[in-house]
Amino acid sequence: MDDRNPLSQTAFSDFHLAVNAASAPRAAYLHIPFCRRRCFYCDFPVSVVGDRRNGSNSNAIVKYVDRLCQEIAATPTFNIPLQTIFFGGGTPSLLSVAQLDRLLQTLNHRFGIAAGAEISMEIDPGTFDLAQIQGYRTAGVNRVSLGVQSFADDLLKACGRSHSVADIYEAIDLLHRAEIPNISLDLISGLPHLTLDCWQATLDTAIALQPHHLSVYDLTLETGTAFDRYYQAGEHPLPTDETTAAMYRLAQQTLTTAGYQHYEISNYAQPGYPCRHNLTYWENRPYYGFGMGATSYTHGYRVTRPRKTWEYYEWLEEYIAAGGKQPGSPPPPNEVLLETLMLGLRLAEGLDRDRLVRDWGTATVDRIDRCLQPYAQQGWVEIATPHPDSPRRSVRLSDPEGFLFSNTILAALFEDLAVNL
Amino acid sequence: MTDAPVSRIRNFSIIAHIDHGKSTLADRLLQYTGTVEARQMKEQFLDNMDLERERGITIKLQAARMNYKARDGKDYVLNLIDTPGHVDFSYEVSRSLAACEGALLVVDASQGVEAQTLANVYLALEHNLEIIPVLNKIDLPGAEPDRVKQEIEDLIGLDCSGAIEASAKEGIGIPEILESIVHLIPPPRDTVTEPLRALIFDSYYDAYRGAIAYFRVMDGTVKKGDRVRLMASGKEYELDEVGVLSPTQKQVGDLHAGEVGYLSAAIKAVADARVGDTITLASTPAAEPLPGYTEAKPMVFCGLFPTDADRFEDLREALEKLKLNDSALNYEPETSSAMGFGFRCGFLGLLHMEIVQERLEREYDLDLITTAPSVVYRVTTIKGEVLNIDNPSHLPAPNEREKIEEPYIQMEMITPETYVGTLMELCQSRRGEFKDMKYLTPTRTTLIYELPLAEVVTDFFNQMKSRSRGYASMEYHPIGYRENALVLLDILVNNEPVDALATIVHRDKAYPVGRALVSKLKELIPRHQFKVPIQAAIGSRVIASEQIPAIRKDVLAKCYGGDISRKKKLLQKQAKGKKRMKAIGTVDVPQEAFMAMLQLDQGAS
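Note that the structure is predicted; figures quoted are calculated from it, not measured. (Residues numbered from 1 in each chain as written. Chains lettered and ligands numbered in written order. Predicted model: local features only at pLDDT ≥ 70, side-chain atom pairs only at ≥ 80, totals over all residues. Heavy atoms only, no water.)

**Section: the layout of surface pockets**
Residue and element names in this part refer to chain B.
Okay, step 1: Considering only enclosed or pocket space, the second largest pocket measures out at about 1100 Å³ in volume.
Okay, step 2: Surrounding the second largest pocket, 41 residues form its lining, Ser90, Met299, Tyr476, His477 and Pro478 being those nearest its centre.
Okay, step 3: Only α3 (90-98), α4 (115-126), β23 (401-416) and β26 (473-483) provide two or more residues apiece to the lining of the second largest pocket.
Okay, step 4: Residues of the lining of the second largest pocket, tallied by class, amount to 21 nonpolar, 10 polar and 10 charged. (1 Å grid on protein atoms, 1.4 Å probe; cavity = no way out; pocket = protein on both sides within 12 Å on 5 of 7 lines; lining within 4 Å. Points joined across faces, edges and corners; volume = space filled by probe spheres on them. Helix = DSSP H or I, 4+ residues; strand = E, 2+ residues; numbered from the N terminus. Nonpolar A, V, L, I, M, F, W, Y, C, P; charged D, E, K, R; others polar.)

The following block contains the structure:
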């Protein structure tokens, strides 16, 4: 597989290629649920394997990789090679190189992997060594998303992370030595006891490491997590809403000043380095999904696999027995429109208005315009007119204020468009 | 079947407190007499409406005719006339009792006599009914029949030596009850030859046949084809159908004095065949109607507004339809500056109000905003005019008022002694005037207070129940109007007065109520993109204020492939919540906020 830089084109280059949701998926997500422990904020489907160093030898992982390969092999193919592959978790770096390689081979065999495909992998500091990362690299991984979250040991501890700040620096050193061409760091704002000053330091530290990409998430208290039990949103020791909103603005200001493009609500990239895989989601294009808890979006509808290991295995047996057919049917058109708006407005580029008109008709787009009008006046929505630099007319949220209130704006659209078009 | 001689008819009702097992007992009687076969039996056979089954209460009364061969070998006709068990419907209870010669007094053997039971027993005694005490739930381990018998004797003065120990659930004592009905309850008077007088004790609306009236023939005979006159409404109808309730409707040729049945005559609405009205023949009318007819008088008022202004006409139609079946429901159009177009509706009481709201939402699929309940204030202006004000926002300005009077009730509560203190506290905090307290038994007391009705309609019942852990019961009746130092408490949201939130309170309570109300509203109204001040004011004087801080962010941090469906649902929920709110100026106010008055902390209200 080719290693040249990911596409420098942004969202809309693919957009016109992108046909409707029922067309061929060019992206595949693989869920690797294993973690050494569960972080206090996490509500992902994970399977805790503890701190054993040779986690990849554990029977559970071996068995899971087998099943994942079975699922891939059983999935109907459109015979269009994959443009992006994403190993998410969990902690995919708990896979051995051989296991990762086998998964990629299985994907390649089933769907084909395009030359220049983006192959991303989430890894956690302290879970891999040089040989391992070099092995992943050789197997084809060309983008790594490192779960940093914070540069303060006390905060890492408070989150239940299994790594230290020293582990982060070591991990980045290993990534550089393995010549990973595209590195992303994950950060979390709004953590307990986090102050604005401390957040500024976190951002500065991150910039100094010169990652190609940064994901910056405002902490969400997900139901059922440890944090959800310990804390109350906006109340001590969590920062107030006012402070977390300020952290969001601070990240936007600091990172864009440092040359990063704020291309999605929580994502920043150096020019040419947005995550192509994740753009699939936000442009509401189809994707394969494999593994426990994973969602696929093929044939026009989403299917979410069970979040418990044994339930996923049972599901998989039925799936294989049914020849890779999944029960379900495409949602009504207005639901598709709502998803298109909800996802597209997460992007700085926003939605292509002309395309909206083409897909949904003038009347619907007029209705959307009317609904957005008050927010446009407020400066939260921008309706860009075509000019030489940007020949398309787009509808987008302003950065950072429109982004910060995106739910308010979307809820208004949802309220207006909930009834059938 | 209708040829039952008057001497073999027994008409009775069952008096019981909620949960003391009236419906179950009725079911058993229907089963035992073979009126309803076991396979047709569903629990609470007489309670037809879904709402009734869900709440386990009887709202609309019903009747059932049973044939019973007694141990003396003779065949009897037993008419059970069911009564609603809630204080809101005491007029209906009195009418159904008037149609009977006897009553079963059903008391839970582990609980004892409750206030409402007592009130209904007094009603029955006023109508000279023979009362048969039945101690129900005798099978329960906590049953104390002797204590409860003693209580009945002490309280009501009924001889309990012949009281029947029963368990409707287990079928214990059912034959004894039936025998007692036959031998203790007197037959109706034989007045078959007198001019027709029949008492309507219930009516309901049938979409195909119009209003159907349930009645008891007191004198004379009525048959299909008769032209009848309703003596109170003055309207005349030709009878399409006359029949009995066994318990489903079965047509018969005629019904004579002592019998109970139904009629249909293309009557447009139940208001034309109201409970308590007397049916007589148009050709040979009776000289006097039966005593006791009164117009239904709404005691509690509230505004009903559709959340979606476009549905005003739907609401009007729904109310019209409900009114066909509910003569006590009153409504007239109301315009509120905050809420737009809606209706001011009058109800018998809080339960009646809740039932109507629930039926509007459930059966007519309306999203409604209800304002806090109000009573009718009587305002004398300086010009000497007397105005009845059922909407606080219509109160004349202070400089135009001579005085304000408010309706009072006498409240009787029966409670285990332990809760006397807390219930007295409740009554004091509701401006109650202590009247009397008596020990019914060494551990049970009755408390009598006079209270402003306005203080009772705001959540008194729930408070009484929670303070007494469900053990206390209450009963009240109106005792007229009294002048009080009342003021209009305005609520301002974002500096705009909201008429639908205005309330009339006693001057001494204005501060605590105002404070509690604004802090409750602060909880209920969601945050906006700007600060929202909430104030309580008397005239131009602000007496309490709070501020809802501005929202700082409203964003989903993460949204990837696996999150999309869930995040979409969240947004849909947010959108739906928004839809159910009423925009007051630029502030979205949720439905519950308009009922905030009912949720105030006890200390304050």
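**Focus on the confidence of the model for chain A**
Residue and element names in this part refer to chain A.
Okay, step 1: When pLDDT is averaged along chain A, the result is 90, and 91% of the positions lie at 70 or above.
Okay, step 2: Per-element confidence in chain A ranges from a low mean pLDDT of 35 for helix α1 (residues 11-17) to a high of 98 for strand β10 (residues 267-269).
Okay, step 3: Confidence over residues 1-21 falls short of pLDDT 50; this stretch has 43 contacts with residues more than four positions distant or in other chains. (pLDDT = per-residue confidence, 0-100. Contact = heavy atoms within 4.5 Å.)

**What about the pattern of salt bridges?**
All names here are of chain B.
Okay, step 1: The tally for this structure, following the rule as stated, stands at 54 salt bridges over all chains.
Okay, step 2: A salt bridge links Arg209 to Glu241, with the shortest nitrogen-to-oxygen separation between them at 3.1 Å. Here Arg209, found in the loop between β7 (197-206) and β8 (210-219), pairs with Glu241, found in strand β12 (residues 241-245); they are 32 residues apart in sequence, far enough to count as distant.
Okay, step 3: Assessed through its relative accessible area of 23%, Arg209 is described here as partly exposed.
Okay, step 4: Exposure remark for Glu241: the relative accessible area of 12% places this residue in the buried category. (Salt bridge = Lys/Arg side-chain N within 4 Å of Asp/Glu carboxyl O. Buried < 20%, exposed > 50% of the residue type's maximum accessible area, 1.4 Å probe, protein only.)

**Digging into the sheet that holds β8 of chain B**
All names here are of chain B.
Okay, step 1: The 8 strands are arranged β11-β10-β16-β7-β8-β15-β12-β13 in an open sheet whose pairing can be described as antiparallel. Where the open sheet ends on each side, the last strands, each with one partner, are β11 (236-238) and β13 (249-251). Pairwise comparison of adjacent strand axes, ignoring direction, gives a mean angle of 40° for this sheet.
Okay, step 2: Pairing analysis gives 2 bridges linking β7 to strand β16 (residues 278-281), with the strands arranged antiparallel. In the strand pairing of β16, Leu199 is matched with Thr278. (Pairing = 2+ DSSP bridges. Axes fitted to C-alpha atoms, helices over the stretch in contact; angles between N-to-C directions.)

**Some remarks on the interface of chain A and chain B**
Size of an interface: often given as the accessible area lost when the parts come together.
Okay, step 1: Tallying the contact residues gives 38 residues for chain A and 25 residues for chain B.
Okay, step 2: Counting the surface lost from both chain A and chain B, the interface buries some 3100 Å², and carbon and sulfur atoms represent 54% of this.
Okay, step 3: If you look at where chain A meets chain B, you find 8 salt bridges.
Okay, step 4: Salt-bridge contacts for Lys568 of chain B lead to Glu339 of chain A; the nearest nitrogen and oxygen are separated by 2.8 Å.
Okay, step 5: For the interface between chain A and chain B, the tally reads 19 residue pairs in polar contact (both at pLDDT 80 or more).
Okay, step 6: When residues of the side of chain A that touches chain B are traced back to their parent elements, those giving at least two are β8 (213-218), α9 (241-257), α10 (276-282), α12 (333-344), α15 (401-404) and α16 (406-417) of chain A.
Okay, step 7: Of all the elements, α16 of chain A adds the most residues to the side of chain A that touches chain B, at 7 residues.
Okay, step 8: Residue composition of the side of chain A that touches chain B, grouped by class: 17 nonpolar, 11 polar and 10 charged. (Buried area = accessible area lost by both parts, 1.4 Å probe. Polar contact = N/O pair within 3.5 Å; in protein donor to acceptor, adjacent residues only side chain to side chain.)

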